[in-house]
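# Observations on the three-dimensional arrangement
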Amino acid sequence: MANPFLTYLKNIFASQRIIGDDKMLNGLAKVDGLLHGLINEKRVPGLSITVLKDGKRLFEKGYGYADVADKKYICPKETIFRVASVSKPIAATALAHIVADRIMTLDASFYEYVPYFPKKQWDFTIRQLASHTAGIRKYKGKEFALNKPYSIKESIALFKEDPLLFEPGTGYEYTSFDWVLLSLAMQEASGIPFEAYVWNKVLQPLEMKYTFSPDLRNPDENVLEDTTIKKTAIPPELKRNLATCYTKVRLGFREAVPVHNFYKLAGGGYLSTSEDIAKLGQAYLEGYPLDKTLINEFLTSVMIVDRPTYYGLGWQVSQDKMGRAYYGHIGSSVGAYSNFFVYPEEQMVFSILINCTDPNVQDVLDEVVQELLGLHKVG
């Protein structure tokens, strides 16, 4: 007798053209079960996943709720999440463009573009900011959940008077403040607001139609009459697609505290769907339309004292436990947790978005990724 669950899976996945043998279907069933488990065990409120293989959807599905109270389901094509530090590869792609356009140079001093930033005991470069080797400090106190409507330029008041933690190039300190400074340098050098440059150079060409910057001001405040911000922020008709952001508590989930993420757009502020983020990864697999040598600089781990940092320029660069090379980013912010991995040898892209402050489920997400990687030659 045919296995009814495998028959069910064949019907579900037929439109995605991934019908294979029972090994493939059993693998997909295991992945589906793992992700359902996160919802059933109330470990996450909602999750969206898009997995591409050779440019085609291998697995794409929403789990749980975009809004728990309203029982609003998640759609990978349309539900918009905070993507946290997955914003960095988006910003890094824009940085690659601005370098290719010869508007900026990676090894130029940051002060060449932002001369009004307070001088430190050492100079530091654009490359060092992008690789987290400039010595800028990380968040402290309540800065992780800052709820002030800063512009990018206004926000440097948070840390501009602080000394560098080490001589640039001699250490590694991961911090989204590096990308605040990079986005400021990019808009000063180009004369174009950072969010507009990203929109024009990255989001529009890749048809990332559901990727936006957050609002600079709350709806009940005076909204700046800035057409660029209005253009790149989520339009009113799509705000219904925004996933509600949660924090895990003992008995379930509560809505996360309100935050303003516009100022750290480049490092952790973007809003997107799992399908849109997957488009970015696929563009790199297909040979992103910039000089290959330049792209390789972004996707190569920086070395400190002959040891890898496992970080390039805006991209995490490493190997998984099976020794398979990948690049991408993990993100964690208020009301959001994200995974974005690109496996060039396997020609696979993984995009996973969760509407909850770090829910401590990376072990399960890793298992999902490894299971799907194991199926990449099946079918």
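A few points on the structure. (Residues numbered from 1 in each chain as written. Predicted model: local features only at pLDDT ≥ 70, side-chain atom pairs only at ≥ 80, totals over all residues. Heavy atoms only, no water.)

## Remarks on helix H6 (residues 177-190)
Over its 14 residues, H6 runs 20 Å from end to end, which matches the ideal 20 Å to within 8%, given 1.5 Å per residue. In terms of residue burial, H6 counts as a mostly covered element, since 12 of its 14 residues are buried. Among the residues of H6, Phe177, Asp178, Trp179, Val180, Leu181, Leu182, Ser183, Leu184, Ala185, Met186, Gln187 and Ser190 are the ones counted as buried. The inward-facing, buried residues of H6 contact helix H3 (87-100), helix H4 (126-130), helix H5 (152-155), helix H7 (194-203) and helix H9 (265-269). Just downstream of H6, glycine 191 is the residue with a positive phi angle, here 75°. (Helix = DSSP H or I, 4+ residues; strand = E, 2+ residues; numbered from the N terminus. Expected span 1.5 Å × (residues − 1). Buried < 20%, exposed > 50% of the residue type's maximum accessible area, 1.4 Å probe, protein only. Contact = heavy atoms within 4.5 Å.)

## Details of the pattern of salt bridges
Applying the stated criterion to the full structure yields 17 salt bridges. For glutamate 297, the salt bridge identified is with arginine 127, shortest N-O distance 2.8 Å. With a gap of 170 residues between them, glutamate 297 in helix H11 (residues 292-298) and arginine 127 in helix H4 connect regions that are remote in the sequence. With a relative accessible area of 30%, glutamate 297 lands in the partly exposed category. Where aspartate 162 meets arginine 137, a salt bridge forms, and the shortest distance between an N and an O atom there is 2.6 Å. Placement of aspartate 162 in the loop between H5 and H6 and of arginine 137 in the loop between H4 and H5 is noted, with a sequence separation of 25 residues between them. Taken together, the shared-partner salt bridges in this structure form one network comprising Arg57, Glu60, Lys77 and Glu275. (Salt bridge = Lys/Arg side-chain N within 4 Å of Asp/Glu carboxyl O.)

## Here we look at helix H2 (residues 22-40)
The terminal C-alpha atoms of H2, which comprises 19 residues, lie 26 Å apart, in line with the 27 Å expected from a rise of 1.5 Å per residue. Every buried residue of H2 is listed here: Met24, Leu25, Gly27, Leu28, Ala29, Val31, Asp32, Leu34, Leu35, Gly37, Leu38 and Ile39. Phi turns positive, to about 55°, at lysine 42, one or two residues after H2.

## Side note on the layout of surface pockets
Empty space within the second largest pocket amounts to approximately 310 Å³. Only H9 and strand S11 (325-333) provide two or more residues apiece to the lining of the second largest pocket. The class makeup of the residues in the lining of the second largest pocket is 6 nonpolar, 9 polar and 3 charged. (1 Å grid on protein atoms, 1.4 Å probe; cavity = no way out; pocket = protein on both sides within 12 Å on 5 of 7 lines; lining within 4 Å. Points joined across faces, edges and corners; volume = space filled by probe spheres on them. Nonpolar A, V, L, I, M, F, W, Y, C, P; charged D, E, K, R; others polar.)

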